[in-house]
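# Commentary on secondary and tertiary structure
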Amino acid sequence: MDLAIWDYPPAEFLVSGFTSGAVESPFRIKRYRPEECAGQLVEDEVDVALLPTMLALQASDAIDAIPSVGLISWKYPYARLVWKGGLHDFPETVAYDRRVAQERFVSRVIMQEHYGVDPAFVPYDDRSPQELLDTPEDAALLVGPRVPSMQPEPFTIDIGREWYELVNYPMVWGLFVTQRDRADDETIEALIASAESAEDNRDVWVQAQETSPTLNEFYREDLRSGIDKLAIASLTELRKYLFYYDVTDEVPDVPFVYLDEDEEEEEEEG
């Protein structure tokens, strides 16, 4: 089976149980930009993909989501909003790469709900974070694996931390999904086992990374792979905002699927 994950270090943490050999992997792991993972799944080039949560919710009728595992964090140095004026002079326009739809949406919600401003988000095609800083817009939304190493001089906010301050829950950035009715017990068990192994061996994995003090703290304290009650609550908030902001026609469901034995236990309890 083929598994598409993001070409970001946090995604590597999710599958580090496989790549370290701690858990036997049934997957060939392939790495793409987040939106490319979605394209690989749609085109049936891979069996499982890590999808941006917003895309997964928008496609909830066509996919199955693997339970108990995802890319969750309290902060997120891989998505930052940068402008010169700080909290005393909010931007009127924000440059962003049109491929980062989820980060753009979350940024819009944060700016409007948390700060009471509604800047215009101006899309650019295939622009690097550095190139976005050079546009004529007042602010730039920087997203990607190179962002943590950047040190832009203007005022910067962490989109993950801002989401937490808005809703009091960590952000669920990505979910593992298959096409509808393609998730089997082997797939579910393997991904859950890898995530659990990643958590158990977090210190070893972090020590092997070349990180700054900020990223070291992020990997040790803020990054999570398990979908717990706090993550479910965060998903509920995201689903509501997708509806309120007219991204979806209704509050979308989270199409989690479960192991056959879990379904049998639920039927017995019922």
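Everything below is about the structure printed above this text.
In short, a report on the structure. (Residues numbered from 1 in each chain as written. Predicted model: local features only at pLDDT ≥ 70, side-chain atom pairs only at ≥ 80, totals over all residues. Heavy atoms only, no water.)

## Let's talk about the overall build of the protein chain
Counting its secondary structure elements, the protein chain contains 12 helices and 11 strands. Its C-alpha radius of gyration of 19 Å places the protein chain within 12% of the 18 Å reference for a compact globule of 270 residues. For the protein chain, the spread of C-alpha atoms along the three principal axes comes to 55 × 45 × 35 Å. In the protein chain, which comprises 270 residues, the proportion classed as buried is 50%. Look at the contacts in the protein chain between residues 6 or more apart in sequence, and 82% of them connect residues 24 or more apart. (Helix = DSSP H or I, 4+ residues; strand = E, 2+ residues; numbered from the N terminus. Rg over C-alpha atoms; globule rule 2.2 N^0.38 Å. Buried < 20%, exposed > 50% of the residue type's maximum accessible area, 1.4 Å probe, protein only. Contact = heavy atoms within 4.5 Å.)

## Section: the sheet that holds strand β2 (residues 28-32)
The sheet built from 6 strands is open, its strands ordered β2-β1-β3-β10-β4-β11 with mixed pairing. For this open sheet the edge positions go to β2 and β11 (223-226), each flanked by a neighbour on one side alone. Direction aside, neighbouring strands of the sheet carry axes that sit 30° apart on average. Bridge count between strand β4 (residues 63-73) and strand β10 (residues 171-179): 7 bridges; the pairing is antiparallel. Paired with Gly70 across the strands is Leu175, a residue of β10. Sitting on the sheet, helix α3 (residues 34-42) is in contact with β1 (2-6), β2, β3 (48-52) and β10, with an inclination near 135° to β3. Against the sheet, helix α11 (residues 229-244) touches β4 and β10, its axis set at about 85° to β10. (Pairing = 2+ DSSP bridges. Axes fitted to C-alpha atoms, helices over the stretch in contact; angles between N-to-C directions.)

## Here we look at the pairing of strand β8 (residues 139-143)
In terms of residue burial, β8 counts as a mostly covered element, since 5 of its 5 residues are buried. In β8, alternate side chains face the same way, and those of Ala139, Leu141 and Val143 on one face and Ala140 and Leu142 on the other are all buried. Of the pairings in the sheet, the one linking strand β5 (residues 79-83) to β8 comprises 5 bridges and is antiparallel in character. Paired with Trp83 across the bridge in β8 is Ala139.

## Looking at the nonpolar core
Ranked by internal contacts, the top residues of the largest apolar core, which has 81 residues, are Leu3, Trp6, Tyr76, Trp163, Phe176 and Leu191. Among all residues touching Trp6, those that are not within four sequence positions of it are Ala11, Tyr32, Pro34, Cys37, Leu50, Leu51, Pro52, Leu71, Tyr76, Trp173 and Gly174. Ala95, Tyr124, Val147 and Met150 belong to the second-largest nonpolar core, a separate cluster that totals 8 residues. (Core = buried A, V, L, I, M, F, W, Y, C linked by side-chain atoms within 4.5 Å.)

## Quick notes on the side chain of Glu162
Relative to the assigned elements, Glu162 resides in helix α7 (residues 159-167). Leaving out residues up to four positions away in the same chain, Glu162 has contacts with Ile110, His114, Tyr115 and Ile157.

## Section: the sheet that holds strand β9 (residues 155-158)
Read across the open sheet, the 5 strands follow the order β7-β6-β8-β5-β9; overall the sheet is mixed. The sheet terminates laterally at β7 (120-124) and β9, the two strands that pair on one side only. Within the sheet, the average angular offset between the axes of one strand and its neighbour, ignoring direction, is 25°. One ladder, built from 4 bridges, connects β5 with β9; its direction is antiparallel. Following the sheet pairing, Leu81 is matched in β9 by Ile157. Where helix α5 (residues 101-115) meets the sheet, it contacts β5, β6 (93-97), β7 and β8, and its direction lies at approximately 135° from that of β8. Of the strands in this sheet, β5, β8 and β9 touch α7, which is tilted by about 60° from β9.

## So, unusual backbone geometry
Of note in this structure, Ser68 is not a glycine but carries a positive phi near 75°. Checked against the element boundaries, Ser68 lands in strand β4. Even without glycine at this site, Asn168 takes up a positive phi of about 70°. Of note, Asn168 is situated in the loop between α7 and β10.

## Brief notes about the packing of aromatic side chains
The geometry of an aromatic ring pair is captured by the separation of the ring centres together with the interplanar angle, meaning the angle of the planes. Counting across every chain of the model gives 20 aromatic pairs. Consider the rings of Tyr76 and Phe218, whose centres lie 6.3 Å apart with planes at 65°: the pair is edge-to-face. Linking Tyr76 in the loop between β4 and β5 with Phe218 in helix α10 (residues 213-222), this pair joins segments that are 142 residues apart in sequence. A relative accessible area of 0% means that Tyr76 is categorised as buried. Accessibility expressed as a relative area gives 2% for Phe218, which makes it buried. (Phe/Tyr/Trp six-rings, centres within 6.5 Å; stacked < 30°, edge-to-face > 60°.)

## Notes on the packing of α5 against α11
Interaxial distance between α5 and α11 falls to 11 Å at its minimum, and their mutual angle equals 85°. With respect to α11, the element α5 is oriented roughly perpendicular. Taking contact as the criterion, the partners of Phe105, Val109 and Glu113 in α5 are, on α11, Leu238, Tyr241 and Leu242. For the contact of α5 with α11, the per-class residue count stands at 5 nonpolar, no polar and 1 charged. (Parallel < 35°, antiparallel > 145°, perpendicular 65-115°, else oblique. Nonpolar A, V, L, I, M, F, W, Y, C, P; charged D, E, K, R; others polar.)

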